[in-house]
Amino acid sequence: MAPEVALRPAEPGDAGPLAAVSTRSFDSNRLLGAPAVPPGYDDPGWQRRMMRTGDYWCILVDGELAGGAIVFDAGEEGRELGRFFLDPARFRQGIGTRAMELVFEQYPGAGRWMLDTPTGNPRTEAFYEGLGFTRFGSLTLDGGLELALYEKQADGLF
């Protein structure tokens, strides 16, 4: 039987548990050779700030916190997936895909979705491409970190 995946808005009391899940998720990427971790990934204070800045969603699996997603308004009916993470114990079970379907459903008017992810992480790149995102460019940040830029049009949503 498939696990039940649900979303709920994050609350300030979720900041510590979200930081713990985020740490496990992004540290697992580093073990696979990912070149960097995102800022604030392990910081409860950063998690609380993002709850005030964007739409922060808790990903629940069978009622338990298993990950998070942060969505920002990108103007002109667009949305940016600012962060998405899942506990490594939940990888490769269809949970991430189902969670993203639920995120998309929260924004029925979004005509375009955008995100970035560090290059050199084949697992995240394959995940987003499997969701129908198309890489359209790259951006090199100060310090040399290269980000792959992705987009998805609404007509390509599930």
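Just above sits the structure.
Residues numbered from 1 in each chain as written. Predicted model: local features only at pLDDT ≥ 70, side-chain atom pairs only at ≥ 80, totals over all residues. Heavy atoms only, no water.

Focus on the side chain of Arg-83
- Residue position: Arg-83 is located in strand β4 (residues 78–86).
- One buried charge, Arg-83, has no salt-bridge partner; the nearest side chain with opposite charge is Asp-42, at 7.9 Å.
- Contact partners of Arg-83, with chain neighbours within four places excluded, come to Phe-26, Pro-38, Pro-39, Gly-40, Tyr-41, Trp-46, Gly-68, Ala-69 and Ile-70. (Helix = DSSP H or I, 4+ residues; strand = E, 2+ residues; numbered from the N terminus. Buried < 20%, exposed > 50% of the residue type's maximum accessible area, 1.4 Å probe, protein only. Lys, Arg positive; Asp, Glu negative; His and termini not counted. Salt bridge = Lys/Arg side-chain N within 4 Å of Asp/Glu carboxyl O. Contact = heavy atoms within 4.5 Å.)

Here's the deal with the nonpolar core
- In terms of nonpolar packing, the biggest core is built from 26 residues, with Leu-81, Phe-84, Trp-113 and Phe-133 touching the most fellow members.
- If you list the elements that add at least two residues to this core, you get β1 (5–9), β2 (55–61), β3 (64–73), β4, α3 (95–105), β5 (112–118) and β7 (146–153).
- If you tally residues by element for this core, the top one is α3, at 6 residues.
- One finds Ala-10, Tyr-41, Met-50 and Phe-85 within the second-largest nonpolar core, a separate group that totals 14 residues. (Core = buried A, V, L, I, M, F, W, Y, C linked by side-chain atoms within 4.5 Å.)

A word on unusual backbone geometry
- Although it is not a glycine, Glu-76 adopts a positive phi angle of roughly 40°.
- Structurally, Glu-76 can be placed in the loop between β3 and β4.

What to know about helix α4 (residues 122–130)
- Thr-124, Glu-125 and Tyr-128 are the residues of α4 that are buried. One side of α4 holds all its buried residues, which, seen down the axis, span an arc of 100°. Among the exposed residues of α4, those oriented more than 90 degrees off its buried face are Pro-122 and Gly-130. (Arc of directions from axis to C-beta.)

Let's talk about the environment of Arg-79
- Here Arg-79 shows up in strand β4.
- By relative accessible area, Arg-79 is classed as partly exposed at 21%.
- Residues Arg-79 and Gly-109 lie 30 residues apart in sequence; the distance between their C-alpha atoms is 9.6 Å.
- For Arg-79, the residues in contact, after removing those within four places along its chain, are Val-71, Phe-72, Asp-73, Ala-74, Tyr-107, Ala-110, Arg-112, Trp-113 and Met-114.

Things to note about the pattern of salt bridges
- One pass over the structure, following the stated rule, counts 8 salt bridges.
- The salt bridge partner of Asp-43 is Arg-49, with a shortest N-O separation of 4.0 Å.
- For Arg-49, a relative accessible area of 38% puts it in the partly exposed group.
- Its salt-bridge partner being Arg-112, residue Glu-151 comes within 2.7 Å of it at the nearest N-O pair. Of this pair, Glu-151 sits in strand β7 while Arg-112 sits in strand β5, and the two are 39 residues apart along the sequence.

Considerations on the packing of aromatic side chains
- Using the criterion set out here, one finds 7 aromatic pairs in the structure.
- Judged by centre distance (5.0 Å) and plane angle (70°), the ring pair of Phe-104 and Trp-113 falls under edge-to-face.
- Of the residues examined, Trp-113 reaches a relative accessible area of 0% and is grouped as buried.
- Each member of the aromatic cluster is reached from another via a ring pair, and the members are Phe-84, Phe-104, Tyr-107, Trp-113, Phe-127, Tyr-128 and Phe-133.
- The positively charged end of Lys-152 is found above the aromatic ring belonging to Phe-133, 5.7 Å away from the centroid. (Phe/Tyr/Trp six-rings, centres within 6.5 Å; stacked < 30°, edge-to-face > 60°. Lys NZ or Arg CZ within 6 Å of the ring centre and 35° of its normal.)

Quick word on the pairing of β7
- Pairing analysis gives 7 bridges linking β5 to β7, with the strands arranged antiparallel. Bridge assignment links Met-114 to a residue of β7, and that residue is Glu-151.
- Bridge analysis of strand β6 (residues 134–140) against β7 gives 6 bridges, and the strand direction is antiparallel. In the strand pairing of β7, Gly-137 is matched with Leu-149.
- Here β6 folds back onto β7, and the loop between the two strands holds 5 residues, one of which, Gly-143, carries a positive phi near 95°. (Pairing = 2+ DSSP bridges.)

These figures come from the coordinates and say nothing about function on their own.
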